[in-house]
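Per-entry structural report
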Amino acid sequence: SKHVYTFSNGVADGNASMRALLGGKGAGLADMTNLGLPVPPGFTITTDVCTWFTSNGSEYPPTLESDVAAAMHVIEAATGALFGDPAAPLLVSVRSGARASMPGMMDTVLNLGLNDQTVQGLARKSADPRFAYDSYRRFIQMFADVVMGVDHSCFEQILSHQKQLRGVTEDTHLTADDWKHVIECYKSVIQQHTGRPFPQDPNTQLWDAISAVFKSWTNARAITYRKLHDIPHDWGTAVNVQAMVFGNMGDDCATGVAFTRDPSTGEKVLYGEYLVNAQGEDVVAGIRTPQQITTAGKLMHQSTLPSMEECMPHVFQQLDSIRHRLERHYGDMQDIEFTVQGGTLYMLQTRVGKRTASAALKIACDMVREGMITKDEALMRIDPSSLNQLLHPTLDPRAKRDLFARGLPASPGAASGRIVFSPEKAEQLGQAGEQVILCRVETSPEDIHGMHAAKGIVTTRGGMTSHAAVVARGMGRACVAGASSISIDYGAGEMRAGNLVLHEDDVITIDGERGEVLIGRVATMEPELSGDFAEFMSWADARRKLKVMTNADTPKDCRKALEFGAEGIGLCRTEHMFFEPGRIAAVREMILAENPDDQRAALNKVLPMQRGDFVDIFRIMEGRPVTIRLLDPPLHEFLPHGEAELSEVAKSASLDVNKVRDRVAKIVEVNPMLGHRGCRVGVTTPGIYEMQTRAILEAALEVSKTDGRKVFVEIMVPFVAMEAELRVVRTLIDSVAKELLAGEREHVEYRVGTMIELPRAALAAGQIARQAEFFSFGTNDLTQTTLGLSRDDAAGFLPAYEAGGLLEKDPFVSIDREGVGELVRMAAARGRKTRNDLELCLCGEHGGDPASVAFCHEVGLDSVSCSPYRVPIARLAAAHAAL
Ligand code: ADP
Ligand code: MG
Ligand code: MG
């Protein structure tokens with residue numbers, strides 16, 4: 001098979017459909033070449049070669065060397081320069097490029113091919129020899145850093161020393177002779193650190209760089225990144241070798257990055273930054289303050305520097321028209337990199353641009369309106385989990401703001417937390433459940449784990465396209481970047497802005513929308529769910545087959561869930577109500593009662609409380625189905641703890657404290673998860689279920705009479721293992737209902753069903769369905785009982801299982817298809833065989849997990865039920881599953 005694909009003079013061997021083989025960057029370069037855009041010639045070594053290299057002890061396929069030599073000749077022919085030629089040297093960049101963009105791998109090496117001879121040739125060919133030596137020192141530094149493993153801080157010292165010596169502050173003020181001196185120092189540092197000289201032979205340079213790219217695929221950082229982002233380890237990376245163009249040859253040269261639409265807001269404007277007389281990553285690295293591309297952008301950022309639109313109007317026009325070409329070609333927002341050499345524009349990269357969730361939504365909706373994509377395509381563009389970011393609060397505009405410093409609005413959202421200065425600390429506190437804001441001068445791929453753990457990120461250096469900004473947007477973290485008035489002292493653990501000082505552990509709030517860092521915690525407010533969001537979700541609703549219900553048991557949760565589009569309540573847990581202040585005493589009395597009379601007295605105290613709760617919920621749900629689960633947890637959980645509580649219970653129930661202590665000792669369980677809980681309580685202590693049924697039906701009756709709307713109730717029995725249990729409880733429910741609803745049946749409709757959360761229940765689903773009008777798969781318990789794995793104790797070893805590759809995903813997060821999933825599939829089929837109109841729902845945490853929602857769709861369930869904030873996620877995931 002072919003190992004090397006060239007792109008040159010408007011013709012490329014590859015195209016966008018070959019991402020897997022050419023990597024994202026290589027496919028984009030090939031595509032842009034074929035579109036006739038100005039792309040410096042070059043070639044791509046395929047990802048297959050990477051796989052070969054990795055599995056053959058860092059060797060290459062036998063023909064690769066000659067393939068690369070031939071491809072180098074193609075570049076030479078196209079540029080009229082020769083690799084290693086002292087008079088007219090060809091210089092190239094060596095660029096890694098995996099299928100998915102992947103920070104953490106080898107960086108690009110620019111200006112490769114320079115040595116002590118060729119640099120002179122380059123110097124003679126340019127108006128200002130300074131440029132040639134600037135390029136050479138950049139090359140040595142990058143090559144030493146990424147290929148030879150010499151830390152770049154060694155070079156920075158030399159550079160700042162030279163600037164000091166010359167009394168200048170900017171790199172651009174150093175002369176050719178300065179650079180020559182710097183170069184000699186760099187070379188001796190390399191000799192010192194590695195024991196070998198900087199390689200002068202261009203071919204050695206080229207192959208060393210190529211090998212470094214392939215090796216970087218398996219370095220620790222890259223492996224961590226792939227794990228975090230679910231990128232398979234066997235994809236491999238491609239290597240791109242490309243003729244250099246120079247943005248650092250003078251004031252008619254520049255380098256920049258741009259998005260075809262605003263990646264924060266989604267607005268349809270060219271959005272980006274550039275630097276005059278600069279090369280490569282200078283813009284991203286934040287060495288100088290970048291300039292805006294558009295004049296509108298300049299005004300928005302209150303920049304004093306001229307925009308590209310003003311300085312280089314011709315290049316700007318060309319870039320603007322390329323923006324439209326690329327968007328039309330890809331049908332999506334692109335992130336592009338370019339360089340201007342002597343007033344001529346060159347395109348160096350295009351890829352689908354990362355964006356915030358709100359930008360993604362706006363872009364998808366706009367593109368549908370512009371006729372660029374269909375509604376279905378728009379739906380598929382949004383990752384359901386990312387909707388989460390749109391549902392969370394932003395800062396309340398009326399709240400008082402105590403400004404610490406201002407920076408760039410790099411990634412929207414509001415976040416409060418304690419200041420931490422290191423990614424390690426962020427990770428440590430984040431894991432302990434603390435909210436932290438990571439504050440750094442700048443971030444790099446090594447910091448990803450800490451950025452992940454933080455609620456928000458502040459940097460003091462770097463622009464809208466800096467590492468921190470791009471990664472934060474991708475992760476959905478709020479970020480303020482380039483807050484240059486802040487100076488951070490890592491050693492002292494403090495940061496200053498003017499005469500304000502904040503210390504590690506102080507609380508700050510960041511407003512990613514406005515780019516502000518605020519002192520203390522600032523009040524937040526609920527997001528706007530109308531407009532594009534509502535329209536987009538209506539497209540999802542039109543597509544999905546699954547109904548989406550919610551797990552809610554308070555009026556507040558119910559309202560939230562309705563706002564988010566829930567169609568009813570799939571799981572209303574009644575036990576949470578028991579813990580409300582002022583109630584637990586009555587509940588304990590009910591549990592500890594020694595005889596039926598005492599128990600009845602206690603139940604009569606609880607009844608009106610429960611009824612009141614249900615009345616509220618039925619009102620809010622306005623006739624939508626409400627599934628109420630009878631008491632589930634083990635009685636054990638409600639027992640009083642300690643002497644104080646014991647005597648309190650004894651007093652309120654007028655019992656002897658010793659008697660209470662004895663009762664408690666009898667009820668305590670060793671393994672309550674598998675103990676006296678669910679329908680077992682219903683069987684042994686029918687009074688409780690009887691009271692709950694009464695509370696539910698009385699509430700339904702009351703609401704239907706006052707509101708004139710029929711209430712639709714489903715009573716759900718938990719922890720059923722066998723048909724007989726459900727028969728007993730069902731008989732109880734029906735008899736309460738018969739007495740209560742005599743002659744009132746037109747007001748209240750109720751059904752009885754069961755949770756399927758034990759393997760036996762799944763196996764016996766055919767029998768159980770005789771007693772049940774609906775099933776709801778309680779996949780939290782079903783996962784615990786199927787895997788023999790307690791959720792509370794899993795943390796001791798599950799992470800090791802995930803790390804060791806024994807488990808692909810945490811089975812409590814995403815349904816275990818092969819085990820738990822099979823039980824669900826089987827129970828659904830057996831249940832429906834008995835009763836073909838049996839309603840099937842899933843109400844575990846999995847109901848809000850996109851992969852599990854897809855499973856529910858496949859198996860043919862009727863609905864999923866999840867917590868309110870996950871309702872929109874489930875709606876979109878269900879649409880994805882149906883498309
Ligand atoms: P990354 O994947 O980190 O973005 P790239 O391979 O895109 O790395 O290289 C980073 C930058 O280096 C590019 O944006 C561009 O500015 C510069 N660069 C890469 N190749 C060339 C080239 N052939 N000529 C000029 N600049 C280049
Ligand atoms: Mg980079
Ligand atoms: Mg790039």
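Residue indices follow the written sequence of each chain, beginning from 1 at its first position. Chain labels run from A onward and ligand labels from 1 onward, assigned in the order the entries are written. Reporting in this predicted model follows two pLDDT cut-offs: at least 70 for local features of residues, and 80 or more for side-chain atom pairs to be given and counted; totals over whole chains, interfaces and linings ignore these cut-offs and use all residues.

This part covers the overall build of the protein. Each helix and strand counted, the protein has 36 helices and 34 strands in total. A residue is called partly exposed when the number of other C-beta atoms within 10 Å of its own lies between 12 and 20, exposed at 12 or fewer, and buried at 20 or more, with C-beta atoms placed from the backbone. Of all 883 residues assigned to the protein, the portion counted as buried reaches 51%. Throughout, a pair of residues is in contact if the C-beta atoms placed from their backbones lie within 7 Å. Look at the contacts in the protein between residues 6 or more apart in sequence, and 68% of them connect residues 24 or more apart. A helix here means a DSSP run of H or I that spans at least four residues, while a strand means a run of E at least two residues long, and both kinds are numbered starting from the N terminus.

The full set close to ligand 1 counts 17 residues, and Ser 93, Arg 95, Thr 108, Gly 280 and Glu 337 are the nearest of them. Elements with a contribution of two residues or more to the shell around ligand 1: strand 6 (92-98), strand 8 (237-243), strand 12 (334-341) and strand 13 (344-352). Residues are grouped as follows: nonpolar covers Ala, Val, Leu, Ile, Met, Phe, Trp, Tyr, Cys and Pro; charged covers Asp, Glu, Lys and Arg; every other residue, Gly included, is treated as polar. The residue inventory of the shell around ligand 1, partitioned by class, reads six nonpolar, seven polar and four charged. For each domain, the first and last residues come from an automatic or database assignment. Summarising the domain contributions, the shell around ligand 1 has at least three residues from each of domain 1 (47-243) and domain 2 (254-355). The C-beta atom of each residue is placed using the backbone, and any residue whose C-beta lies within 6 Å of a molecule or strand is treated as near it.

Here the focus is the sheet that holds strand 15 (residues 403-406). Paired through backbone hydrogen bonds, the strands of a sheet run either parallel or antiparallel to each other. Strand order in the open sheet formed by eight strands is 15-25-24-17-18-19-20-16, and the pairing between neighbours is mixed. Two strands close off the open sheet at either side, each with one partner strand: strand 15 and strand 16 (408-411). Averaged over all neighbouring strand pairs, the angle between strand axes comes to 30°, with direction disregarded. When DSSP finds at least two bridges between two strands, those strands are taken to pair. Sheet topology note: the strand 24 (residues 507-511)/strand 25 (residues 516-519) ladder contains four bridges and is antiparallel. Directly across from Thr 509, in strand 25, lies its bridge partner Leu 518. A fitted line through C-alpha atoms represents every axis, and for helices the fit uses only the stretch in contact; the resulting angles, taken between N-to-C directions, go from 0 to 180 degrees. Strand contacts of helix 17 (residues 423-431): strand 17 (414-420) and strand 18 (436-440), with the helix running at about 175° to strand 18, the strand carrying the most contacts.

Positionally, Val 649 belongs in helix 25 (residues 642-652). Taking the number of C-beta atoms within 10 Å as the measure of exposure, Val 649 has 23 and is therefore buried. As a C-alpha pair, Val 649 and Val 587 span 62 residues in sequence and 9.9 Å in three-dimensional space. For Val 649, the contacting residues outside a window of four places in its chain are Ala 585, Arg 588, Glu 589, Leu 592, Pro 640 and Val 660.

Attention shifts here to the nonpolar core. Soluble globular proteins tend to bury their nonpolar side chains together. In plain words, the nonpolar core is the set of buried Ala, Val, Leu, Ile, Met, Phe, Trp, Tyr and Cys residues that C-beta atoms within 7 Å link up. Of all hydrophobic cores here, the largest spans 267 residues; its most connected members are Ala 209, Ala 364, Ile 437 and Val 864. The element contributing the most residues to this core is helix 5 (residues 129-147), with 11 residues. Setting aside residues up to four positions removed in sequence, Val 864 forms contacts with Leu 546, Val 548, Cys 841, Leu 842, Gly 847, Val 853, Cys 856 and Ala 874.

Before going further, it helps to examine the pairing of strand 32 (residues 774-777). Burial along strand 32 is two-sided: the face carrying Phe 774 and Ser 776 and the face carrying Phe 775 and Phe 777 are both buried. The pairing of strand 31 (residues 748-756) with strand 32 spans four bridges and is classified as parallel. For Thr 754, the partnering residue across the bridge sits in strand 32 and is Phe 775.

Residue placement: Phe 259 occurs in strand 9 (residues 254-259). Distance in space between the C-alpha atoms of Phe 259 and Glu 170 is 28 Å, their sequence separation being 89 residues.

UniProt positions are given in the numbering used here, feature names are shortened, and annotations may be inferred rather than shown by experiment. Here the UniProt-annotated "domain: Pyruvate phosphate dikinase AMP/ATP-binding" (unreviewed entry) positions come out as residues 21-56, 61-298 and 316-370. Helix and strand shares over residues 21-56 are 64% and 11% respectively, and the end C-alpha atoms of the span are 19 Å apart. End C-alpha to end C-alpha, residues 316-370 measures 23 Å, and it is 51% helix and 31% strand.

Before going further, it helps to spend a moment on the domain arrangement of the protein. Here the protein is partitioned into domain 1 (47-243), domain 2 (254-355), domain 3 (393-525), domain 4 (544-569 + 757-883) and domain 5 (574-753). Domain 1 puts six residues into the contact, and the matching count from domain 3 is five residues. Classifying every residue of the side of domain 1 that touches domain 3 gives three nonpolar, two polar and one charged.

Closest axis-to-axis distance for the helix 35 (residues 850-859)/helix 36 (residues 871-882) pair is 8 Å, and the angle between their directions is 50°. As summarised for this structure, helix 35 and helix 36 are arranged oblique, according to the angle between their axes. Handedness of the crossing formed by helix 35 with helix 36: right-handed. Contacts between helix 35 and helix 36 involve Pro 850, Val 853, Ala 854 and His 857 from the first element and Ile 873, Ala 874, Ala 877, Ala 878, His 880, Ala 881 and Ala 882 from the second. Per-class residue counts for the contact of helix 35 with helix 36 are nine nonpolar, two polar and no charged. Should an angle fall under 35 degrees it is taken as roughly parallel, and over 145 as roughly antiparallel, whereas 65 to 115 is taken as roughly perpendicular and any remaining angle as oblique. Crossings are assigned a handedness: left-handed for a near helix turned anticlockwise from the far helix by less than a right angle, right-handed for a clockwise turn.

Now for unusual backbone geometry. With phi around 65°, Asn 111 is a residue other than glycine that occupies positive phi space. Relative to the helices and strands, Asn 111 resides in strand 7 (residues 109-112). Even without glycine at this site, Asn 277 takes up a positive phi of about 50°.

Residue position: His 747 is located in the loop between helix 29 (723-740) and strand 31. On the basis of neighbour count, His 747 is assigned to the partly exposed category, with 18 C-beta atoms found within 10 Å. For the pair His 747 and Glu 702, spaced 45 residues apart in sequence, the C-alpha to C-alpha distance is 9.2 Å. If near-sequence neighbours (up to four positions away) are discounted, His 747 is found in contact with Leu 701, Ser 704, Lys 705 and Lys 710.

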